[in-house]
Amino acid sequence: MTYQEVLENARGCIGAYCKACPVCNGRACKNQIPGPGAKGMGDTAARNFDKWQEIRVNMDNICDNRTPDTTLTLFGKTFRYPFFAGPVGAVNLHYGEKYNDLSYNDLMLRSCVENGIAAFTGDGTNPEVVIQAAKALREVNGQGIPTIKPWNMETIREKMQLCKDAGCFALAMDIDAAGLPFLKNMTPPAGSKNVEELHEIVQMAGVPFIVKGIMTVKGALKAKEAGAAAIVVSNHGGRVLDQCPSTAEVLAEIADALRGSQVKILADGGLRNGTDIFKALALGADGVLICRPFVTALYGGGAEGVGIYIEKLAGELRDTMSMCGAGSLSEITREMVRI
C-alpha cells in the first residue's frame with residue numbers, strides 16, 4: 001500500500017466532515033465542528049499550516065557524510081523518531097462509525113509502539129472515552145500518553161487514576177480544551193486552571209506531566225511554576241480560538257524563555273511532513289505532535305496505514321537533516337532555518 005492509496009481509502013470511510021485531503025491544511029474542513037475543523041472562521045487552523053511553509057530550510061552539504069540519528073529520549077524512554085501521534089477522543093462524533101474509541105486507540109497505540117514512537121490518547125464528554133483509552137493503554141503496557149481535559153478536580157482524579165492503573169509513563173492535559181464549544185456548560189464542568197490548581201494536578205499525576213495548549217511565554221512560565229515536566233506549544237489545531245497566532249510564530253520565543261530549564265518542549269499545529277518537524281526542532285522544540293494526518297492514515301490503512309505515514313515522516317526528516325548538515329537531533333540549530 002502507498003500513502004496515496006491510504007488517502008484514497010480513507011475518503012470512503014472517515015465520516016462526513018474530514019475530506020482526507022492530499023495536504024491537510026485546514027481549508028476543506030475549515031470551521032466544521034464536530035469534525036476536524038476549527039473555531040470561528042477556521043482562520044487559526046489554516047494559519048498553523050501556512051506559517052510552517054513560510055519557514056525555509058538552509059541547505060549545507062559541506063559536512064561529514066553520516067546517516068542521521070533521529071532518536072529522541074524523553075522521560076527516560078528512547079523513541080525512534082521525535083514525533084508522536086496526537087490525541088483524539090470521541091472518534092464516532094468526529095470521524096464516523098468505522099472505529100470506536102477502543103478500536104481506534106488499540107490500533108493507533110499498537111502501531112505507534114511497533115514503529116518506535118508513542119501515541120497520545122484523547123478524552124471526551126462521554127466517560128467511556130477515557131475508559132476505553134485506558135483499556136487500550138493496558139494492552140501496550142502503558143506505552144502511550146493519555147490526555148485528560150480540564151474537568152473539575154474530582155473528575156480529573158478519577159480519570160487520571162484509570163490511566164495510571166494502566167501503567168502510562170506520562171500524563172497530559174489539554175488545558176486549552178476549556179475553549180471547546182461542546183465542553184461549555186457540561187456536567188462535570190470544565191474550564192481554565194490557575195497555577196495553584198495546576199500544581200495540585202501535577203502532584204496528583206505522580207508521573208511526568210505535560211501541559212498541552214501553551215501559546216505565550218507567560219503561559220509557559222506558569223506551567224513551569226506549576227511543576228510541569230513538559231509543555232506542548234499548541235492552539236488545539238485552531239479548534240478553541242479564532243484569530244490566534246500559529247504555533248510556528250510563537251515557538252521560538254517560548255523555547256528561548258525556557259532555555260536552561262528542565263521543561264521539555266513539544267509542538268503541534270499544522271506540521272505535516274518531516275521537513276516541518278525539522279523546522280520545529282530548529283526553533284527549539286524537543287519533539288512534535290501530529291494529529292489529523294494520523295487519523296487519516298488509520299482510517300485509510302489501519303495499522304499498516306499508520307506505519308506507512310510514520311515511515312514517510314521519518315524519511316523526510318532524515319533527508320532534511322542530511323541536506324542541512326545535521327547528524328543528530330541535537331545538531332539541528334536555528335541557523336539551519338530561514339524565517
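Since the model is a prediction, treat every value here as computed from it, not as a measurement.

**Student:** For this particular structure, what's the right way to read the sheet that holds strand β11 (residues 287-290)?
**Tutor:** Hydrogen bonds along the backbone pair up the strands of a sheet, which may run parallel or antiparallel. Reading across the sheet, the eight strands line up as β4-β11-β10-β9-β8-β7-β6-β5 and stay open at both edges, with parallel pairing between neighbours. In this open sheet, the two strands that pair with only one neighbour each are β4 (83-85) and β5 (120-121). Two strands pair when backbone bridges link them, and β5 and strand β6 (residues 145-148) are joined in this way by two bridges, in the parallel orientation. From the neighbouring strand, T121 faces β6, where its bridge partner is P146.

**Student:** Help me understand the side chain of R272, please; the structure alone is not making it clear to me.
**Tutor:** Relative to the assigned elements, R272 resides in the loop between β10 (264-267) and α10 (274-282). Here R272 occupies a buried position and makes no salt bridge, while the nearest side chain of opposite charge, D276, is found at 6.9 Å. Apart from residues no more than four positions distant in its own chain, R272 is found in contact with C24, F49, I290, R292, P293, Y309, K312 and L313.

**Student:** Would you mind showing me how to read helix α4 (residues 101-114) here?
**Tutor:** Between its terminal C-alpha atoms α4 stretches 20 Å, which fits the 20 Å expected from 14 residues at 1.5 Å a residue. Among the residues making up α4, those that are buried are D101, Y104, N105, M108, L109, S111 and C112. In this structure, the buried side of α4 is in contact with β4, α3 (91-95), β5, α5 (128-139) and α11 (292-324). For α4, the N-terminal cap is N100; the gap from its side-chain oxygen to the backbone nitrogen of L102 is 3.1 Å. Looking one or two residues beyond α4, the residue adopting positive phi is G116, at roughly 85 degrees.

**Student:** Sorry if this is basic, but what is going on with the pairing of strand β8 (residues 209-214) here?
**Tutor:** The side chains of a regular strand alternate, residue by residue, between the two faces of the sheet. Across the six residues that make up β8, a large majority, six, are buried. Sheet topology note: the strand β7 (residues 171-174)/β8 ladder contains four bridges and is parallel. Residue pairing for β8: M173 is matched across the bridge by V211. A crossover links β7 with its parallel partner β8, the connecting element being helix α7 (residues 195-205), and its sense is right-handed. Here four bridges tie β8 to strand β9 (residues 230-233), and the two strands are oriented parallel to one another. Paired with V211 across the two strands is I231, which belongs to β9.

**Student:** Got a minute to help me understand the state of the cysteines in this structure?
**Tutor:** Covalent bonding between the sulfur atoms of two cysteines is what defines a disulfide. Per the stated rule, a full pass over the model turns up zero disulfides. Free cysteine: C163, not disulfide-bonded; nearest cysteine sulfur from C168 at 5.6 Å. C163 gets classed as buried once you look at its relative accessible area, which sits at 0%. Looking at C244, it has no disulfide partner, and the nearest cysteine sulfur is the one in C29, 17 Å off.

**Student:** Honestly, the environment of E249 in this entry has me stumped. Any pointers?
**Tutor:** Looking at where E249 falls in the secondary structure, it is placed in helix α9 (residues 247-258). Look past the residues within four positions of E249 in its chain and what remains in contact with it is R47 and K51. In terms of polar contacts, E249 uses its side chain to reach the backbone amide nitrogen of S246, at 2.8 Å.

Rules of the game
- Residues numbered from 1 in each chain as written.
- Predicted model: local features only at pLDDT ≥ 70, side-chain atom pairs only at ≥ 80, totals over all residues.
- Heavy atoms only, no water.
- Pairing = 2+ DSSP bridges.
- Helix = DSSP H or I, 4+ residues; strand = E, 2+ residues; numbered from the N terminus.
- Buried < 20%, exposed > 50% of the residue type's maximum accessible area, 1.4 Å probe, protein only.
- Lys, Arg positive; Asp, Glu negative; His and termini not counted.
- Salt bridge = Lys/Arg side-chain N within 4 Å of Asp/Glu carboxyl O.
- Contact = heavy atoms within 4.5 Å.
- Expected span 1.5 Å × (residues − 1).
- Polar contact = N/O pair within 3.5 Å; in protein donor to acceptor, adjacent residues only side chain to side chain.
- Right-handed = clockwise from strand over helix to strand, strands pointing away.
- Disulfide = S-S within 2.5 Å.

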